[in-house]
Amino acid sequence: MRYFCHDQPDVLTVETRVMDARPGAVLLERSPFYPGGGGQLADRGVVRWPGGEARVRAIELDGERLWHLLDEPVEIAGAVEAAVDRELRAVMTELHTDAHVVSALVFREFRGALITGAQLNADGTARVDFDLPDADNDRLRALEPAINDVIGQDLAVRHVYAPVTDAATEPGLLRSRSVAPPPSADGLVRIVEIVGLDRQACGGTHLGSTRQSRPVRILKVDNKGRHNRRIRFALAER
Ligand SMILES: [Zn+2]
């Protein structure tokens, strides 16, 4: 999968055209919206046309095409403007980058522990679940200073594309136990690299460097079944 927001994550408003429509839904020639996935919420926002606008309440994927589901049963055509809600995207991007830092340190400290689930929330909190049957929860909680140390180091975050076959030779490249981002048509997966710390396949949006994030606080570490540990964290005040 390759979306406009992967290549141009900072462009949140585009002038575009309707390619296809049905009442209350529209497919655009290009779209700045993130469709959701990997624990990151889909973007919200608006589609505007001459004489009106409707809120985008959800994104429906049709292959690599994004249907924007609108909050009114309008059927629109022609030139439109599509605009992503900046506030929600910003908090998702910040939490998502921090989730990579958290998972990188867990992977390192707990010998290759994989992710079993993740959820980023609009209120600036998140949870990441790990396959960690024998972990001491206090040791997980004690990662907080190391996480904030990485954030403070202002490590660059970049995106590269690598053959999906690299996952066989690079442990942790596919970090999620359950879902791997599907390769695009050319057999490449998108890799998010926090330079000097971590590489993992991911299709979400991320900050340009770690210090663009606020520090985080670990709120809680829970057992989720016999195998899983859930780390809940929140963006702290600056
Ligand atoms: Zn990511």
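Details of the structure are given in the entry above.
In this report, we go over the structure that sits alongside the text. Everything numeric here is computed off the predicted structure, so don't read it as measured data.

Quick notes on the rules
- Residues numbered from 1 in each chain as written.
- Predicted model: local features only at pLDDT ≥ 70, side-chain atom pairs only at ≥ 80, totals over all residues.
- Heavy atoms only, no water.
- Pairing = 2+ DSSP bridges.
- Helix = DSSP H or I, 4+ residues; strand = E, 2+ residues; numbered from the N terminus.
- Axes fitted to C-alpha atoms, helices over the stretch in contact; angles between N-to-C directions.
- Contact = heavy atoms within 4.5 Å.
- Expected span 1.5 Å × (residues − 1).
- Buried < 20%, exposed > 50% of the residue type's maximum accessible area, 1.4 Å probe, protein only.
- Phe/Tyr/Trp six-rings, centres within 6.5 Å; stacked < 30°, edge-to-face > 60°.
- Lys NZ or Arg CZ within 6 Å of the ring centre and 35° of its normal.
- Donors = N, O, S within 2.8 Å, 3.2 Å for Na, K, Ca; no water.
- Parallel < 35°, antiparallel > 145°, perpendicular 65-115°, else oblique.
- Left-handed = near helix turned anticlockwise from the far one by under 90°.
- Nonpolar A, V, L, I, M, F, W, Y, C, P; charged D, E, K, R; others polar.
- Arc of directions from axis to C-beta.

### Looking at the sheet that holds strand E8 (residues 125-131)
- Spatial ordering of the open sheet is given by E7-E8-E13-E12, a layout of four strands whose pairing is antiparallel. Each edge of the open sheet carries a strand with a single partner, namely strand E7 (115-120) and strand E12 (216-224). Along the sheet, successive strands turn relative to each other by an average axial angle of 15°, direction set aside.
- Relative to E8, E7 runs antiparallel, the two sharing five bridges. Bridged to Ala118 within E8 is Val128.
- Set on the sheet, helix H2 (residues 86-109) makes contact with E7, E8, E12 and strand E13 (228-235); between it and E13 the angle comes to about 135°.

### Points about H2
- With 24 residues, H2 extends 35 Å from end C-alpha to end C-alpha; this agrees with the ideal 34 Å at 1.5 Å per step.
- In terms of burial, H2 is a largely internal element, 19 of the 24 residues being buried.
- Directly after H2, the chain includes Arg111, whose backbone phi takes a positive value near 45°.

### Description of the packing of aromatic side chains
- With the rule as written, the count across this model stands at zero aromatic pairs.
- The ring of Phe107 has Arg175 lying over it, and the distance from NZ or CZ to the ring centre is 4.2 Å.

### Regarding the coordination of the zinc ion
- The coordination sphere of the zinc ion, as far as protein atoms go, consists of His96 (NE2), His100 (NE2), Cys202 (SG) and His206 (NE2), spread over 2.0 to 2.2 Å.
- Read in sequence order, the donor residues for the zinc ion give the motif H-x3-H-x101-C-x3-H.

### As for the packing of H2 against helix H4 (residues 144-152)
- Two numbers describe how H2 lies on H4: the axes approach to 10 Å, and their chain directions differ by 125°. With respect to each other, H2 and H4 are oriented oblique. As for the relative orientation of H2 and H4, their crossing is right-handed in sense. Counting all contacts with H2, which are made through Asp98, Val101, Val102 and Leu105, the residues of H4 involved are Ala146, Ile147, Val150 and Ile151.
- Of the residues in the contact of H2 with H4, the class split is seven nonpolar, no polar and one charged.

### As for the environment of Ala99
- Note on placement: Ala99 falls in helix H2.
- Residue Ala99 is classed as buried on the basis of its relative accessible area of 13%.
- When the C-alpha positions of Ala99 and Val128 are compared, they lie 7.1 Å apart, and in sequence the two are 29 residues distant.

### Quick look at unusual backbone geometry
- Within the chain, Arg111 stands out as a residue other than glycine whose phi angle is a positive 45°.
- For Arg111, the location among the structural elements is in the loop between H2 and E7.
- Relative accessible area serves as the criterion here: at 82%, Arg111 is assigned to the exposed category.
- The backbone phi angle of Asp154 is positive, close to 55°, even though this residue is not glycine.
- Within the secondary structure, Asp154 is located in the loop between H4 and strand E9 (157-163).

### Structural notes on H4
- Where H4 is concerned, the buried positions are Ile147, Val150 and Ile151. Looking straight down H4, one finds that the buried residues subtend no more than 100° of arc, so they occupy a single side.
- The inward-facing, buried residues of H4 contact H2 and E12.

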